[in-house]
Amino acid sequence: MGKFEKPLITVIIPVYNVEKYLRDCLDSVISQTYSNLEIICVNDASTDNSGKILSEYAKKDNRIKVINNDSNLKAGLTRNVGIENASGEYVHFLDADDFIDKNAYQKLAEIINQYPKIDFINFSYVRYRNKFDKKKITVHQCKFNELIDISLSKEGLSDVHIAPWAKIVRTDVLRENDIRFNDYECHEDFEYTLKLMLASKTTYFADEYLVYYRIRPNSLISKYPNYLSYVLETVNEIYKLTEAEKDDIRLPIMNYAYNNLLERTFELFDKNKISYEYMKKIFQQNINFDMIFDKRNAKEPLRDRLRIVLNYNANIFFKVKYYIKQFFPDYFLFYIRIKKFLLKI
């Protein structure tokens, strides 16, 4: 297939104190085989040499536009600055400590030209620390490399990766539906992705590894004590936004949100990043119990999470049992019924 030079793709790169990695990121973008790019780098009040590196690259590549925040806005609001200044028909958010395959935008442009006005494209990624570890999208209800109509039902979206760098999005979808990142200091991409799913009509799972995601020390869970609160607030917000939707739209979206809530909670609890008493307090302050007991929210996500958690750590049984009985009493009998099934997986 020949090269395409349409559409214009805006690459939005939030930058904050990443002088060690920034050159790798920028080099991977400016050396793309696809040239019709607008590269918006938003310097979020960096205090290291990131600003100087951005100025250096802007001088040698006129596709690079540098915007400087007056104060540190964090990743979410910094990406919003990029959206407001984007001219491209499609936008891709790339973190400044990551880098991208040299053919990535060429491959994405080919898909867009094959399916004009597609709302967003999902793709796989490679985790990178000291070695490369390919992480492929696992597609259960959909197929790779074909247009998926999600206008009437959101089934099949359970495998969309939360990270904004794992998808490219049609800019008008964001603007027409007022989809922006919130101001949370972490996990701000959760609400963004859920709203994108809700607003979109078409998607595509590309069978390609396009982004190299750099794993750095100090996870968000250990760095931000309000991590669980952000997850809960997001789930509550999506529950409110989807109340008027029909079940074919609402249920898959809520399943996705609920599944993520359970995953993060079990992760915090199992790895002792948060005490039980503190977690209990967070739930009491933030949980919307109407959402938990809503019969339209399927129990399937709970089963899926239990299958994963119980399979990798048998001694968490007691913790899970105690946790579910405390916070989700209507699911407790269900947990007992599927326990034997889970142990066989």
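Check the entry above for the structure.
Residues numbered from 1 in each chain as written. Predicted model: local features only at pLDDT ≥ 70, side-chain atom pairs only at ≥ 80, totals over all residues. Heavy atoms only, no water.

This next bit is on the overall build of the chain. When helices and strands are tallied, the chain shows 14 helices and ten strands. When contacts within the chain are restricted to residue pairs at least 6 apart in sequence, those whose partners lie at least 24 apart make up 82%. As displayed, the chain has an accessible area near 16,100 Å², and 47% of this comes from carbon and sulfur atoms. (Helix = DSSP H or I, 4+ residues; strand = E, 2+ residues; numbered from the N terminus. Contact = heavy atoms within 4.5 Å. Areas by Shrake-Rupley, 256 points an atom, 1.4 Å probe, with all protein chains shown as cover.)

Right, let's get into the pattern of salt bridges. This structure, assessed with the given rule, holds nine salt bridges. Linking R214 and D24 is a salt bridge whose minimum nitrogen-to-oxygen distance equals 3.4 Å. Highlighted residues: R214 in strand β10 (residues 202–214) and D24 in helix α1 (residues 22–30), separated in sequence by 190 residues. Residue class for R214 comes out buried when judged on its relative accessible area of 10%. (Salt bridge = Lys/Arg side-chain N within 4 Å of Asp/Glu carboxyl O. Buried < 20%, exposed > 50% of the residue type's maximum accessible area, 1.4 Å probe, protein only.)

Take the side chain of D95 next. Mapping D95 onto the fold places it in the loop between β4 (90–93) and β5 (99–100). We classify D95 as buried; its relative accessible area is 18%. Setting aside residues no more than four positions away along its own chain, D95 makes contact with I13, P14, C25, R79 and W165.

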